[in-house]
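Read off the chains here:
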Amino acid sequence: MAARDPVCGMPVDPATAAYSVEVRGGTYYFSSELCRDTFVEGEKIAYFSMEIGLESDIPTYSGGLGVLAGDVIRSSADLLIPMVAVTLVNRKGYVRQRLTPDGDQIDLPDEWDPREHMRELSRRVTVRIGDANVAIRAWLYDYWSPVGGLVPVLFLDTDLPENAPKDRGITDHLYGGDQEYRLKQAIVLGIGGARMLAALGIRVGKYHINESHSSLLTLELLKRRGMDEEKVQTHCIFTTHTPVAVAFETFPRDMVVRLLAGEIPPTLLGEYIGEEGLALATLAFRLSRYVNGVTTAHMNFSRRLFPGFHIRAVTNGVHPHTWTSGPFRDLYDRYIAGWAQEPELLVRVDEIPHEDIRHAHQQEKQVLVDYVREKNGVALDLRALTIGFARRATAYKRATLIFSDLEKLREAGRRGAIQLVFSGKAHPADAVGKQEIREVHNAMRDLEGEVTAVYLENYTMDLASLMTAGVDVWLNTPLPPYEASGTSGMKAALNGVVNFSVLDGWWIEGWLEGTTGWADPGPGPGAPASEAERRARELQDLYSKLEYLIIPTYYHRRDEWTTIMRSSIAKIAYYFNTHRMMRRYATEAYL
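Residues numbered from 1 in each chain as written. Predicted model: local features only at pLDDT ≥ 70, side-chain atom pairs only at ≥ 80, totals over all residues. Heavy atoms only, no water.

An unreviewed UniProt entry annotates the chain as glycogen phosphorylase originating from Methanoculleus bourgensis. Of the chain, the UniProt comment under Cofactor (unreviewed entry) reads exactly: "pyridoxal 5'-phosphate". The heading Sequence similarities (unreviewed entry) in the UniProt record of the chain holds the text "Belongs to the glycogen phosphorylase family." (UniProt positions renumbered as here; feature names shortened; annotations may be inferred.)

Structure representation (structure tokens):
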């Protein structure tokens, strides 16, 4: 059976291959000596991320950051970018959600066994955390692209018998524990991850720090490179996903010195600990030559927060083939050859007849209807306008905004049937997020018999695929400017689903009123004078656009609705994808 050359993607027969190499626990075959040498000896981009979403059955992600990281890996493999990724194994996952009929979230561990998905590497490294030497192993997951590209993903793990019980659990819970636990995780990811790459003989040209959790790797590099800050900067790229100062975590000075003194010389450590302690984001800003936000708006907010740094913008995207549903993949394959590798070709979607667009969407909508019936016992109407909302359940995402005035929602529903499909988990320690879920359930009960609404428990990547393809409208109502980017609406657009979103994050760039969807609040002469006025205008826009634009267009102007679906694909999906994003990183940051 033919293998594929991981560098050039050419088919290679293992029985006759002249060039092969055993590396990282597997045998790889090459079509040429050049490809073999490039694979073994060439420099890699080391992509560090606290969470990476590769499969629903590998629950090492909590939401958008991890799913984006998974899409980075997929597109890098498609584009043959020489990358290796590093994350934590998070053996007990983030949280497996169960909901009571009243909407109370029950937090369950989401345990998984890495042996079922990847292979253990024999190499070990050690980091000093406080007064203990902590051993680290790595599990290897090889992500192969259909075109032959490979991105190895290393999952770091401290659950080893030579470690003390408290240290064995460092890599158990994603975003779990107290502040000291999170700092220990940052040490394992940043310092331990950099050491693991060196121990495996992987030559790294650039270190891409995806959010600040792994930024301690910069201190490890400083030790290696003779305390030369400029040298370290040339090797580091920092992508920040946080739009407000309060969200940047700072670790107390005493804790940092106690846990890191055995690894980082006090004179070096002192250079980067401020009066309030060590801010990992500030460390990454200081020691990275290339720094970027994830939308243009986020870049502007970040420049105000960190005025001394040159911050660029590389707007996020989603992996085209992964987030396009089966019916739409078939449709694009039929009309737009090569779209998956060159998603910019989706601008040609006007060649696809309206009837074919509607038929593909109805197929996916039926899948969602069947899922809701099976899981929640609720019979959705395939013909009714179905609005989806799925986010990590936390206060600024404002899942309850659409329920602010139930009578207005009922009035809108009398103009045409509305169905609401919700999903999303709250962090186990987020009491406000859990209350949001309860309030959604309370509103659902109040609307019973007038507006059909369901809440699907345990939001995963698989459920995200189902919802972003199966609803008619994707609703997003964050409190600006807390949404640095957001990507679920991009997934929806790949499937012809229309966005209705607050003007924040990526939607500022993707929004063309009435063409790619609708904004809340819409354009107007000047900003509201007060928070109360802004909120009143926001709710007025939400309900009036729903009642007087969205519902009538959906029910009475069928061709116009399908034109908006098609425009959503042509003007959003063609651009907001990780192929375009990774080409930007490759040309501006990696080379």
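What follows picks up the thread again.
Before we go on, may I ask you to explain the side chain of Gln97 in this structure?
With respect to the element layout, Gln97 can be found in strand β7 (residues 96-99). Within the local environment of Gln97, its side chain forms a polar contact with the backbone oxygen of Gly424, the two atoms lying 2.9 Å apart. A distance of 2.7 Å separates a polar side-chain atom of Gln97 from the backbone nitrogen of Asn458. Apart from the residues lying within four places of it in its own chain, the contact partners of Gln97 are Gln105, Ile106, Gly424, Lys425, Ala426, Ile437, Leu456, Glu457, Asn458 and Tyr459. (Helix = DSSP H or I, 4+ residues; strand = E, 2+ residues; numbered from the N terminus. Polar contact = N/O pair within 3.5 Å; in protein donor to acceptor, adjacent residues only side chain to side chain. Contact = heavy atoms within 4.5 Å.)

Can you help me understand empty space enclosed by the protein in this one?
Empty pockets left among the atoms are what a rolling probe the size of a water molecule brings to light. Evaluation of the coordinates by the stated rule reveals two cavities of 30 Å³ or more. In this structure, the largest cavity encloses a volume near 70 Å³. Phe389, Arg391, Ala393, Ala399 and Tyr455 are, among the 14 residues lining the largest cavity, the residues nearest its centre. Elements with a minimum of two residues in the lining of the largest cavity: β20 (418-423) and α15 (431-446). For the lining of the largest cavity, the leading source of residues is α15, giving three residues. The calculated volume of the second largest cavity comes to roughly 40 Å³. (1 Å grid on protein atoms, 1.4 Å probe; cavity = no way out; pocket = protein on both sides within 12 Å on 5 of 7 lines; lining within 4 Å. Points joined across faces, edges and corners; volume = space filled by probe spheres on them.)

Honestly, helix α13 (residues 354-376) in this entry has me stumped. Any pointers?
One turn of an α-helix holds 3.6 residues; hence residues three or four places apart share an orientation. Compared with an ideal rise of 1.5 Å per residue, which puts 23 residues at 33 Å, α13 spans 32 Å between its outermost C-alpha atoms and is within 8% of the ideal. Along α13, the residues that are buried comprise His354, Ile357, Arg358, Ala360, His361, Glu364, Lys365, Leu368, Val369 and Val372. Residues of α13 that are buried make contact with α12 (326-335), β19 (385-390), β21 (452-456), α16 (461-470), α19 (531-556) and α20 (558-573). A positive backbone phi angle near 70° is found at Gly377, which sits one or two residues after α13. (Expected span 1.5 Å × (residues − 1). Buried < 20%, exposed > 50% of the residue type's maximum accessible area, 1.4 Å probe, protein only.)

Would you mind going over the nonpolar core with me for this structure?
One broad trend across soluble globular proteins is that nonpolar side chains are buried collectively. Counting residues in hydrophobic clusters, the biggest one holds 83 residues, and the most contacted among them are Phe403, Leu409, Ile418, Leu420, Phe422, Met467 and Trp561. Looking at which domains feed residues into this core, each of domain 1 (43-317 + 581-590) and domain 2 (320-575) gives three or more. If sequence neighbours within four positions are ignored, Phe422 has contacts with Phe389, Ala399, Ile402, Phe403, Val440, Val454, Tyr455, Leu456 and Met467. Counting 66 residues, the second largest nonpolar core, distinct from the first, contains Leu189, Leu197, Leu217 and Phe238. (Core = buried A, V, L, I, M, F, W, Y, C linked by side-chain atoms within 4.5 Å. Domains from an automatic or database assignment.)

Before we go on, may I ask you to explain the UniProt feature "modified residue: N6-(pyridoxal phosphate)lysine" (unreviewed entry) in the chain in this structure?
Under the local residue numbering, the UniProt record ascribes the feature "modified residue: N6-(pyridoxal phosphate)lysine" (unreviewed entry) to Lys491. Relative to the assigned elements, Lys491 resides in helix α17 (residues 488-494). Residue Lys491 is classed as buried on the basis of its relative accessible area, which comes to 5%. For Lys491, the residues in contact, after removing those within four places along its chain, are Val67, Val318, Trp323 and Thr468.

Which parts of the structure should I look at to understand the layout of surface pockets?
Put simply, the second largest pocket is a space of about 520 Å³. Lining the second largest pocket are 21 residues, with Lys375, Asn376, Val378, Val454 and Tyr455 sitting closest to its centre. Taken together, the elements giving at least two residues each to the lining of the second largest pocket come down to β7, α13, α15 and β21. If you tally residues by element for the lining of the second largest pocket, the top one is β21, at five residues.

What exactly am I supposed to notice about the pairing of strand β22 (residues 473-476) here?
Judged by which residues are buried, β22 turns out to be covered on both faces: Val473 and Leu475 on one side and Trp474 and Asn476 on the other are all buried. For β19 and β22, the ladder comprises two bridges, and the chain directions are parallel. From the neighbouring strand, Gly388 faces β22, where its bridge partner is Trp474. Sheet analysis places β22 next to strand β23 (residues 498-502), joined by four bridges and oriented parallel. Across the sheet, the residue bridging to Val473 is Val498, located in β23. (Pairing = 2+ DSSP bridges.)

Honestly, unusual backbone geometry in this entry has me stumped. Any pointers?
Both trends apply: most residues other than glycine have a negative phi, and most peptide bonds are in trans. A cis geometry characterises the amide bond from Pro480 onward to Pro481, with omega recorded as 5°. If you trace the backbone, Pro481 turns up in the loop between β22 and α17. In the Ramachandran plot, Leu80 falls in the positive-phi region, its phi being about 60° despite a non-glycine side chain. As for its position among the elements, Leu80 is in the loop between α2 (64-78) and β6 (83-88). Although it is not a glycine, Asn90 sits at a positive phi angle of roughly 45°. Locating Asn90 in the fold gives a position in the loop between β6 and β7. Classification of Asn90 by relative accessible area gives buried; the value is 0%.

Even after reading the chapter, I still don't get the pattern of salt bridges, so can you show me in this structure?
Pairs can form between side chains of opposite charge once their charged atoms are near each other. Inspection of every chain in the model, using the stated rule, returns 43 salt bridges. Where Arg398 meets Glu538, a salt bridge forms, and the shortest distance between an N and an O atom there is 2.6 Å. Separated by 140 residues along the polypeptide, Arg398 in the loop between β19 and α14 (406-415) and Glu538 in helix α19 bring together distant segments of the chain. The same class applies to Arg398 and to Glu538, which are both buried. (Salt bridge = Lys/Arg side-chain N within 4 Å of Asp/Glu carboxyl O.)

For this particular structure, what's the right way to read the sheet that holds β20?
Strand pairing within a sheet occurs via backbone hydrogen bonds; the two strands may be parallel or antiparallel. If you trace the six strands from one edge of the open sheet to the other, you get β21-β20-β19-β22-β23-β24, paired in parallel fashion. Where the open sheet ends on each side, the last strands, each with one partner, are β21 and β24 (517-520). Ignoring strand direction, the axes of neighbouring strands in this sheet form an average angle of 20°. Where β19 meets β20, six bridges bridge the pair, whose relative direction is parallel. (Axes fitted to C-alpha atoms, helices over the stretch in contact; angles between N-to-C directions.)

Explain the side chain of Asp157 to me, please; I cannot follow it from the model alone.
Structurally, the position occupied by Asp157 is in strand β12 (residues 150-157). For Asp157, a relative accessible area of 0% gives the class buried. Of the polar contacts made by the side chain of Asp157, one reaches the side chain of Trp139; its length is 2.9 Å. A distance of 2.9 Å separates a polar atom in the side chain of Asp157 from the backbone nitrogen of Asp159. Dropping the residues within four chain positions of it, Asp157 is found in contact with Val89, Arg91, Ala135, Ile136, Arg137, Trp139 and Thr171.

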